[in-house]
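An overview of the molecular structure
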Amino acid sequence: MPAFERVVVKVSGESLKGEGHRPVSPEAAAWLAGEMRSAHEAGAELGVVIGGGNILRGASVARRGADRVAADQMGMLATIINALAFRVALEKQGLEAHVMSAIPCGTLAEPVNTARARAYLCSGGIVIFAGGTGNPFFSTDTAAALRASEIMADGLLKGTKTDGIYDADPAVHPDAKRYAELTYTEAIERRLAVMDTTAFSLCREQKLPIVVFDLWTAGNIRRVVDGESVGTVVKED
């Protein structure tokens with residue numbers, strides 16, 4: 001059995017982005033779906049939350065003068081587009097996939113239903129949670145923490161461009177220190193920007209371990225669910 005039997009994997013919308021100006025690349029989606037399939041074959045039950053930044057970031061639109069509520073609603077709609085695209089990629093890998101949205105969207109996706117999501121996971125399906133929390137002012141990181149808590153996941157895995165959490169931006173500071181392990185309180189007090197405070201706080205309340213890892217190294221999702229030492233672990237104080 002895997003070390004993490006049920007997880008929510010949070011990835012950015014950029015993970016689906018193609019070269020040039022293509023917001024959604026079938027090739028990128030296929031690669032990510034293959035990574036998920038490997039973890040699924042290891043025995044892990046997978047929930048997925050994908051951001052919408054490859055299409056539109058609500059906070060960025062709001063900073064340019066748009067109404068924050070409307071901007072966040074646009075961002076949540078972008079996550080639904082990504083979820084639908086990723087469902088297709090998973091199905092092409094031979095996997096059963098379901099999209100659940102916090103925003104009602106007719107026949108495009110099911111409404112979020114915790115009991116049904118757990119049933120899909122138990123039967124071998126992968127559940128993609130879209131639409132954020134359904135409310136403005138909350139990030140997709142917080143949505144991932146919420147869904148992980150609701151389905152009683154063993155961990156929240158966040159795939160990023162770096163191999164863990166650092167005390168400074170390693171792209172700017174070559175001597176930045178990578179943490180192998182942190183407590184929720186340390187992550188919050190040090191204002192480590194890899195996740196927002198609301199997401200960290202919810203995970204702390206639920207005693208939900210977080211693993212921040214390099215998404216772009218092939219096999220890393222499976223390594224994390226197998227319990228290998230990958231990235232940075234944030235866990236109970």
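What you are looking at is a predicted structure, and each value in this text was computed from that prediction instead of being measured. (Residues numbered from 1 in each chain as written. Predicted model: local features only at pLDDT ≥ 70, side-chain atom pairs only at ≥ 80, totals over all residues. Heavy atoms only, no water.)

Our next topic: the sheet that holds strand β10 (residues 210–214). Judged by pairing direction, the sheet is mixed, and its nine strands sit side by side in the order β4-β3-β5-β2-β1-β6-β10-β11-β9 without closing on themselves. Sheet topology places β4 (110–111) and β9 (181–183) at the edges, where each strand pairs with a single neighbour. As paired strands, strand β1 (residues 6–11) and strand β6 (residues 155–160) are joined by four bridges and run parallel to one another. Paired with valine 9 across the bridge in β6 is leucine 157. Where helix α1 (residues 26–41) meets the sheet, its contacts fall on β1, β2 (45–50) and β5 (126–130), and the angle it forms with β2 comes to roughly 155°. Sheet strands touched by helix α5 (residues 140–150): β1, β2, β5 and β6. Its angle to β1, the strand with the most contacts, is close to 170°. (Pairing = 2+ DSSP bridges. Helix = DSSP H or I, 4+ residues; strand = E, 2+ residues; numbered from the N terminus. Contact = heavy atoms within 4.5 Å. Axes fitted to C-alpha atoms, helices over the stretch in contact; angles between N-to-C directions.)

Looking now at the layout of surface pockets. Within this model, the largest pocket holds a volume of roughly 1200 Å³. The set of elements that each furnish at least two residues to the lining of the largest pocket consists of α2 (58–63), α3 (68–92), α5, β6 and β7 (165–166). Tallied by class, the residues present in the lining of the largest pocket amount to 16 nonpolar, 20 polar and 14 charged. Looking at the second largest pocket, its volume works out to about 180 Å³. As for the second largest pocket, its lining consists of Phe4, Asp163, Arg178, Ala180, Val211, Val224, Gly227, Glu228, Ser229, Val230, Gly231 and Val233. (1 Å grid on protein atoms, 1.4 Å probe; cavity = no way out; pocket = protein on both sides within 12 Å on 5 of 7 lines; lining within 4 Å. Points joined across faces, edges and corners; volume = space filled by probe spheres on them. Nonpolar A, V, L, I, M, F, W, Y, C, P; charged D, E, K, R; others polar.)

Bringing a nonpolar patch on the surface into the picture now. On the surface, a cluster of nonpolar side chains totalling about 280 Å² of accessible area is made up of Val69, Phe137 and Phe138. For valine 69, the position within the fold is in helix α3. (Patch = residues over 30% accessible without salt bridge, like charges linked within 9 Å, V, L, I, M, F, W, Y side chains within 5 Å. Areas by Shrake-Rupley, 256 points an atom, 1.4 Å probe, with all protein chains shown as cover. Salt bridge = Lys/Arg side-chain N within 4 Å of Asp/Glu carboxyl O.)

Within this structure, the stated rule accounts for 13 salt bridges. Residues arginine 37 and glutamate 41 are paired through a salt bridge, measuring 3.8 Å at the closest nitrogen-oxygen approach. Taken together, the positions of arginine 37 and glutamate 41, both in helix α1 and four residues apart, correspond to about one turn of that helix. Arginine 37 sits in the partly exposed class, given a relative accessible area of 32%. Close ionic contact of glutamate 150 with arginine 147 constitutes a salt bridge, the shortest N to O distance being 2.8 Å. Of this pair, glutamate 150 and arginine 147 both sit in helix α5, three residues apart, which is roughly one turn of that helix. Residue arginine 147 is classed as buried on the basis of its relative accessible area, which comes to 4%. Residues participating in the shared-partner salt-bridge network are Lys10, Asp141 and Lys158. (Buried < 20%, exposed > 50% of the residue type's maximum accessible area, 1.4 Å probe, protein only.)

A few words on unusual backbone geometry. One non-glycine residue, methionine 152, adopts positive backbone phi at about 60°. By secondary structure assignment, the location of methionine 152 is in the loop between α5 and β6. Looking at methionine 152, the relative accessible area reads 53%, which means it is exposed. Even without being glycine, lysine 207 reaches a positive phi, approximately 55°. Positionally, lysine 207 belongs in the loop between α7 (197–206) and β10.

Turning our eyes to something else, we now look at empty space enclosed by the protein. Taken as a whole and assessed by the stated rule, the structure comprises one cavity of 30 Å³ or more. Roughly 40 Å³ of internal volume is contained in the largest cavity. Lining the largest cavity, in full, are Val49, Ile50, Thr79, Phe129, Ala130, Gly131, Gly132, Thr140, Ala143 and Arg147. Broken down by secondary-structure element, the contributors of at least two residues to the lining of the largest cavity are β2, β5 and α5. No other element matches α5, which puts three residues into the lining of the largest cavity. Among the residues forming the lining of the largest cavity, the class breakdown is five nonpolar, four polar and one charged.

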